[in-house]
Amino acid sequence: MTETAKVGILGSGDVARTLGSGLAGRGHPVLLGSRDPAKLESWRASTKGSVAVGRLAEAASFGPIVILATHGAGTISAIDLAGVAHFSGKLVLDVTNPLDFSRGMPPTLFVGTTTSLGEMVQHHLPAARVVKCFNTMGHQRMVDPAFAEGHPPMLICGNDPHAKHEVEALVRELGWPGVLDVGDIDAARWMEALVPLWVRIGARLGTFDHMLAPIR
Ligand SMILES: NC(=O)c1ccc[n+]([C@@H]2O[C@H](COP(=O)([O-])OP(=O)(O)OC[C@H]3O[C@@H](n4cnc5c(N)ncnc54)[C@H](OP(=O)(O)O)[C@@H]3O)[C@@H](O)[C@H]2O)c1
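What you see is a predicted model, and the numbers here were worked out from it, not measured in a lab.

Would you mind going over the layout of surface pockets with me for this structure?
Left-over empty space is what a probe sized like a water molecule reveals as it rolls over the atoms. What the largest pocket holds in volume is close to 820 Å³. Listing elements by their share of the lining of the largest pocket, those giving two or more residues are α1 (14-25), α4 (75-82) and α7 (188-205). Taken together, the residues of the lining of the largest pocket sort by class into 18 nonpolar, 17 polar and four charged. Put simply, the second largest pocket is a space of about 390 Å³. Residue composition of the lining of the second largest pocket, by class: 10 nonpolar, three polar and three charged.

So this is what it looks like as C-alpha cells:
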C-alpha cells in the first residue's frame, strides 16, 4: 500500500517540509496542511513531484497515510482542527515530541513519564493506527540518512503490527536499513524521553544532526 500511497502531512515546519519533499521524490503524492497554507507556497513551488498545500482538514483527508509534524503542545489541537473523523482507519506516523520549553533550554517533557504524546494521540484517534517514528533525530537526516558512525535502524512503536510493517516499508523507501520496533504505543514514553537528552547532546556537540539509536 505504501509504495505510492498519498500522504497528508499536518505541519509546515522543517519536519513536514523534509518528509514531504522526500516522499514526493519517491513518487508519493503529498499534501502539507497548515492553519495558514500561504506560508507553504514557496515550498510547494520549489519542490519536485506531486505536491500540494492546504488546510489541516485537507491534509488529514488526503490519503491513507497521515504524518503528524506539529509542535508538540499544539498537536491535539491540530488534530481537532483537522477533524478526528478524517483519521479513521488510517496509518498515522507521529513524529511529534512533547517538549516543554517554558523554563528555557534544555527542554523537559510536558507529559511526565506515565504517559506520552504518542499515547495521547492514539487515545484521541482510537480508529487510527498510530506509529511513533522519526522523533529521536533531527530533520536534517530523515531522508537519505548518512551517519559517519553507522547506519542505524529507525526506532518505532505502536499497537498495530501491520501498521508497523507499513512504516518499515516507508522508511526503507527514504533510505533507512529498517526499523527497530520497541513495542506498543506506551513505548513512546521512552522514545520521547530520549529527546531532552538528544537536545543536551546536540548543545554539547554544537550540531543537531545526530540520532539516538542503539549500536552493537
Ligand atoms: N525539527 C526537528 O528536527 C524535529 C525532529 C524530530 C521531531 N520533531 C518534532 O516534530 C514536530 C514538528 O517539528 P518542526 O520543527 O518541524 O515544527 P514546529 O516548529 O515544532 O511546529 C510547527 C508546526 O506546528 C503547528 N502548530 C503549532 N501550534 C499549533 C496549534 N496550537 N494548533 C495547530 N497547529 C499548531 C504549526 O502550524 P501552522 O502551520 O498552522 O502555524 C506548524 O505547522 C514537533 O513536535 C517536534 O518536536 C522535530
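What is the right way to read the state of the cysteines from this model?
Such a bond, covalent and formed between the sulfur atoms of two cysteines, is termed a disulfide. Taken as a whole, this structure holds zero disulfides when the rule is applied. Just so you know, Cys157 is unpaired, no disulfide at all, and the nearest cysteine sulfur is the one on Cys133, 9.5 Å from it. The buried category is assigned to Cys157, whose relative accessible area is 0%.

I tried to follow the pairing of strand β9 (residues 154-158) on my own but got confused; where do I start?
Two faces belong to every sheet, and in a regular strand the side chains alternate between them. With five of five residues buried, β9 lies mostly within the body of the structure. Burial along β9 is two-sided: Met154, Ile156 and Gly158 and Leu155 and Cys157, pointing in opposite directions, are all buried. Relative to β9, strand β8 (residues 129-133) is paired through three bridges, and the arrangement is antiparallel. Within the sheet, the bridge partner assigned to Cys133 lies in β9 and is Ile156.

How should I be thinking about the pattern of salt bridges in this particular structure?
Pairs can form between side chains of opposite charge whenever their charged atoms are close. A complete count under the given rule lists nine salt bridges for this structure. With its nearest N and O atoms 2.8 Å apart, the salt bridge here joins Glu119 to Arg189. Of this pair, Glu119 sits in helix α5 (residues 117-124) while Arg189 sits in helix α7, and the two are 70 residues apart along the sequence. Close ionic contact of Arg141 with Asp209 constitutes a salt bridge, the shortest N to O distance being 3.3 Å. Here the residue Arg141 occupies a position in the loop between β8 and β9, and Asp209 occupies one in the segment after α7, the gap between them amounting to 68 residues. Looking at Asp209, the relative accessible area reads 24%, which means it is partly exposed. Here the salt bridges do not stand alone but share partners, grouping Asp94, Lys132 and Glu192 into one network.

Honestly, the side chain of Asn97 in this entry has me stumped. Any pointers?
Take Asn97: it is sitting in the loop between β5 (91-94) and β6 (99-100). Assessed through its relative accessible area of 14%, Asn97 is described here as buried. Among the polar contacts made by the side chain of Asn97, one reaches the side chain of Asn135 at a distance of 3.0 Å. The residues touching Asn97, leaving out its near neighbours within four places in the chain, are Gly72, Leu117, Asn135, Glu192 and Val195.

Would you take a moment to explain α1 for this structure?
Quick reminder: α-helices carry 3.6 residues per turn. Residues three or four places apart thus point the same way. Here α1 is 12 residues long and its end C-alpha atoms lie 16 Å apart, about the 16 Å a rise of 1.5 Å per residue gives. For α1, every residue scored as buried is listed here: Ala16, Thr18, Leu19, Gly20, Gly22, Leu23 and Ala24. Residues of α1 that are buried make contact with β1 (7-10), β2 (30-33), α2 (41-46), β3 (51-54), β4 (65-68) and α6 (161-173). Note on α1: the residue one or two positions beyond its end, Gly27, has a positive phi of about 95°.

Even after reading the chapter, I still don't get the side chain of His210, so can you show me in this structure?
Relative to the elements of secondary structure, His210 occurs in the segment after α7. A relative accessible area of 11% places His210 in the buried class. Leave out the neighbours within four places in its chain, and His210 touches Met137, Gly138, Phe147, Trp198, Ile201, Gly202 and Leu205.

Please explain the packing of α4 against α5 as it appears in this structure.
The packing of two helices is summarised by the inter-axis angle and the distance between the axes. Where α4 meets α5, the axes come as close as 10 Å, and the angle between the chain directions of the two elements is 20°. Accordingly, the angle class assigned to the pair α4 and α5 is roughly parallel. Along this stretch, α4 crosses α5, giving a crossing that reads as right-handed. Between α4 and α5, the contacting residues are Thr75, Ile76, Ile79 and Asp80 on the first element and Leu117, Met120, Val121 and His124 on the second. When the residues that make up the contact of α4 with α5 are grouped by side-chain class, the tally is five nonpolar, two polar and one charged.

Basis of the calculations
Residues numbered from 1 in each chain as written. Predicted model: local features only at pLDDT ≥ 70, side-chain atom pairs only at ≥ 80, totals over all residues. Heavy atoms only, no water. 1 Å grid on protein atoms, 1.4 Å probe; cavity = no way out; pocket = protein on both sides within 12 Å on 5 of 7 lines; lining within 4 Å. Points joined across faces, edges and corners; volume = space filled by probe spheres on them. Helix = DSSP H or I, 4+ residues; strand = E, 2+ residues; numbered from the N terminus. Nonpolar A, V, L, I, M, F, W, Y, C, P; charged D, E, K, R; others polar. Disulfide = S-S within 2.5 Å. Buried < 20%, exposed > 50% of the residue type's maximum accessible area, 1.4 Å probe, protein only. Pairing = 2+ DSSP bridges. Salt bridge = Lys/Arg side-chain N within 4 Å of Asp/Glu carboxyl O. Polar contact = N/O pair within 3.5 Å; in protein donor to acceptor, adjacent residues only side chain to side chain. Contact = heavy atoms within 4.5 Å. Expected span 1.5 Å × (residues − 1). Axes fitted to C-alpha atoms, helices over the stretch in contact; angles between N-to-C directions. Parallel < 35°, antiparallel > 145°, perpendicular 65-115°, else oblique. Left-handed = near helix turned anticlockwise from the far one by under 90°.

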